[in-house]
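Structural overview
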Amino acid sequence: MNIEQIHKIFLESSGVSTDTRKIFKNCIFFALKGENFNGNQFAQEALDKGALKVIVDEPQFHKNTGETILVKNVLLTLQQLANFHRKFLGTNIISLTGSNGKTTTKELINAVLSQKYKTTATTGNLNNHIGVPLTLLGMDESTEIGIVEMGANHHGEIALLCEIAQPDFGYITNFGKAHLEGFGSVEGVIKAKSELYNYIRNNGKTVFVNADDEKQMVQTEGMQRITFGHKNGDYLVDLADASSLLVVSYRGTEIHTNLVGSYNFPNISAAVTIGDHFKIPIEKIKTGIEGYISSNNRSQLIKKGSCTILMDAYNANPTSMLAALENFKNAKGDNKILFLGDMFELGKDAEAEHESIVDYISSNQFGKFYLVGSNFFKTKSSSNSIEKFETFEDLVEKLQKDPPQHSEILIKASRGMALERILEYI
C-alpha cells in the first residue's frame, strides 16, 4: 500500500496516535519502535481500544483481515504521510527553531495569528522527528496557517524536519550554548540551526530576522528576508518598560505583556512583526499578546506567601542562564534569592560552563545563591553568598530549616533537575 492510499484512509480516520494509552475511536495507530519499546507488540491492544487501522513493520503482527497495514518502516511512513498531507493541504507553514525561546515565541505567534486565522501550532514541545509529523497531521483543510516548532540536538535533524514540513517562512530565535554535547561547539550550533536557513534559501522562501542580532543577519545575507528590531529593521518595536512585566510599544500602541525578562523582548517583537506581516490589525496583535500567559515553568511569575518567584525551570543552557541572571540582577527587589540547577547536555564543556556561571555570580553579588546538582557542587567559589548542594534532597533539608520569606526568587535549571519542586518549601 502506497502513501497516497494510506492518506485516503487517514482522511477517513479521526487522526493518528503513537501511544496505546491515548487511543481514540477510529484513529490510526503507528506502531513506533524505541530503545526500550516495540509498538508492534501493542497492535492488537490498539485495535481492541477502537483503532481503525494499525501501521506495523514486523510481519508477525500483520493481520490479513485488513485491520493492519504492513510497511517497511513505521517511522518513515509516519514522516512520509505527514509530508504528503502537508502538500495535500497547501497550508502556509511557519517553522521556527533556535537555542532559546522558541516555544515561547511559537506560542506568542500563535496567540497573534489566531486573532484572524485558523491556526494549528505545535503542542507543547512536540518538535522532533515524531512531533513535527504529528503536528502536520493535526492540520486539516480549515487550517490557514501552521506554526511548526523544530528542535534538534544533532546535525541533520533540522534539515530532515524541513524536508517533512516544507516551510514557507522560517525564523531562528538565536544561536546559543545549547546541546553542546551533540553539536560540539557554538559554531556547530550555528551550522545545525542554519539548516532551516539553507532550506528557505534553496527553495526561494522567506525568513523573519532579528536585525539586532548580527549573527542572524550574517547568516541570512542575500536571502528574501523580513527584518525587525529595536534599532534596526523593516519593523521597529520599542521596549517601553522592563522593570517588571514587559511593556512594548509598536506604532503608538503600548502592549502590556505577561512576560518578564528583557530576553523575551525579541520573542514578543517577532510575534508583533509576523502578525503585522499577515495583516493582523494592531489592536488584535495587542489582544493576542496581552492574553498570552506563560506556563510549564517558562518565565512564569508566581506569588506564594510573602515571596515573588520567577519560575524558569523548564530548561537551561549557559546562554539562557546568563540572560536570566542579567535580567534578575537589574530587577527590583532588596532581598533576592537565586536557585540555580545543573545545565545538561554540555558534554566536555560541562565543567567549564558551570564554572563560568559561578565566576559571574561571584563577581556580581546581587543576592543569595543556592546552587544545586553535581556539576555546580564541584565548582570553586569563595563567595559567602553561595551555598552548594549536591542533591535536591540536600537543598530540601536547608529549606525546611530556613524557608525563604519576603524575597524575590529566581529558579533556573535544566528540565531534568525538576527545581519547580522548590515551591513546596516556600
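Scope of this entry: the structure provided in the associated data block. Note that the coordinates shown come from a computational prediction; the quantities given were computed from them, not determined experimentally.

If you look at the biggest cluster of nonpolar residues, it comprises 65 residues, and the most contacted ones within it are Phe30, Leu136, Met150, Met321, Leu325, Leu340 and Phe369. Ile109, Tyr235, Val272 and Phe278 belong to the second-largest nonpolar core, a separate cluster that totals 35 residues.

Our next topic: the packing of aromatic side chains. For any two aromatic rings, the description comes down to two numbers: the centre-to-centre distance and the angle of the planes. Under the defined criterion, the tally for this structure stands at seven aromatic pairs. Ring centres of Phe169 and Phe208 lie 5.7 Å apart, and the angle between their planes is 25°; on these two criteria the pair is classed as stacked. Remark: Phe208 occurs in strand E11 (residues 206-210) and Phe169 occurs in strand E10 (residues 169-172); sequence separation between them is 39 residues. Relative accessible area serves as the criterion here: at 0%, Phe208 is assigned to the buried category. Note on Tyr171 and Phe228: the rings are 5.9 Å apart at their centroids and 50° apart in plane angle, and the pair reads as tilted. In this pair, Tyr171 sits in strand E10 while Phe228 sits in strand E12 (residues 225-229), placing the two residues 57 residues apart along the sequence. Three or more aromatic residues joined by ring pairs form one cluster here, namely Tyr117, Phe169, Phe208 and Phe278. Over the ring of Phe328 we find Lys336; its NZ or CZ atom is 5.5 Å from the centre of that ring. Just above the ring of Phe392 sits the side chain of Arg421; from NZ or CZ to the centre is 3.8 Å.

The next thing to look at is the sheet that holds strand E20 (residues 368-372). If you trace the six strands from one edge of the open sheet to the other, you get E17-E18-E22-E19-E20-E21, paired in mixed fashion. Of all strands in the sheet, those with a lone pairing partner are strand E17 (300-304) and strand E21 (386-389), marking the two edges. On average, each strand axis in the sheet is inclined to that of its neighbour by 20°, with strand direction left out of account.

Another aspect to go through is the packing of helix H1 (residues 3-12) against helix H3 (residues 74-89). Where H1 contacts H3, the two axes come as close as 10 Å, and the packing angle between them is 75°. Overall, the two elements H1 and H3 adopt an arrangement that is roughly perpendicular. Residue-level contacts link Ile3, Glu4, Ile6, His7, Phe10 and Leu11 of H1 to Thr77, Gln80, Leu81, Phe84, His85 and Phe88 of H3. Taken together, the residues that form the contact of H1 with H3 break down as seven nonpolar, four polar and one charged.

With that settled, the discussion passes to a negative patch on the surface. A cluster of acidic residues, Glu390, Glu393, Asp394 and Glu397, forms a negative patch at the surface. Mapped onto the secondary structure, Asp394 falls in helix H16 (residues 392-401). We classify Asp394 as partly exposed; its relative accessible area is 32%.

Quick look at helix H13 (residues 318-330) now. Counted at 1.5 Å a residue, the expected span for H13 with its 13 residues is 18 Å, and the 19 Å between its end C-alpha atoms agrees. What H13 keeps buried is the set Pro318, Ser320, Met321, Ala324, Leu325, Asn327 and Phe328. Lining the buried residues of H13 we find strand E18 (307-312), strand E19 (336-341), helix H14 (350-363), E20, helix H15 (374-377) and strand E22 (408-412). Between the side-chain oxygen of the N-cap and the backbone nitrogen of Thr319 there are 3.0 Å, and the N-cap of H13 in question is Asn317.

Rules behind the numbers
For every chain, the first residue of its written sequence is number 1, and the numbers climb from 1 along that sequence. Totals for whole chains, interfaces and linings use all residues, but because this is a predicted model, local features are given only for residues with pLDDT of at least 70 and pairs of side-chain atoms are given and counted only at 80 or more. Hydrogens and water molecules were not included; the side-chain quantities draw on all heavy atoms of the structure. The definition of a nonpolar core used throughout is a set of buried Ala, Val, Leu, Ile, Met, Phe, Trp, Tyr and Cys residues joined through side-chain atoms within 4.5 Å. Relative accessible area decides the class of each residue, using a 1.4 Å probe on protein chains only: under 20% of the type maximum gives buried, over 50% gives exposed, and in between gives partly exposed. Note on ring pairs: Phe, Tyr and Trp rings are taken, using the six-membered ring of Trp, and paired if centres are within 6.5 Å. Classes follow the plane angle, with under 30 degrees stacked, over 60 edge-to-face and the rest tilted. In this description a helix means any DSSP run of H or I spanning at least four residues, a strand means any run of E spanning at least two, and both kinds are numbered starting from the N terminus. In this scheme, Lys NZ or Arg CZ marks a charge over a ring once it lies within 6 Å of the ring centre and within 35 degrees of the ring normal. Following DSSP output, two strands are said to pair if at least two bridges run between them. Axis angles are defined between N-to-C directions and span 0 to 180 degrees, where every axis is a line fitted to C-alpha atoms and, for a helix, only to the segment in contact. Should an angle lie under 35 degrees it is considered roughly parallel, over 145 roughly antiparallel, and from 65 to 115 roughly perpendicular; all remaining angles are considered oblique. Whether two residues are in contact is decided by their heavy atoms, any of which lying within 4.5 Å being enough. Ten residues, namely Ala, Val, Leu, Ile, Met, Phe, Trp, Tyr, Cys and Pro, are considered nonpolar, four, namely Asp, Glu, Lys and Arg, are considered charged, and the remaining ones, Gly among them, are considered polar. Exposure above 30% relative accessible area and the lack of any salt bridge qualify a residue for a patch; like charges then connect within 9 Å, and the nonpolar side chains Val, Leu, Ile, Met, Phe, Trp and Tyr within 5 Å. Accessible areas in this description were obtained via Shrake-Rupley with a 1.4 Å probe; residue shielding takes into account the shown protein chains only. What counts as a salt bridge is simple: a side-chain nitrogen of Lys or Arg found within 4 Å of a carboxyl oxygen of Asp or Glu. Under the counting rule used here, the positive set is Lys and Arg, the negative set is Asp and Glu, and His together with the chain ends is not counted. By convention, the charge on Lys lies at NZ, on Arg at CZ, on Asp at CG and on Glu at CD. What a helix should span is 1.5 Å times the count of its residues minus one. Nitrogen and oxygen atoms within 3.5 Å of one another constitute a polar contact, given that in protein one can donate a hydrogen and the other can accept it, and given that sequence-neighbouring residues count only through two side-chain atoms.

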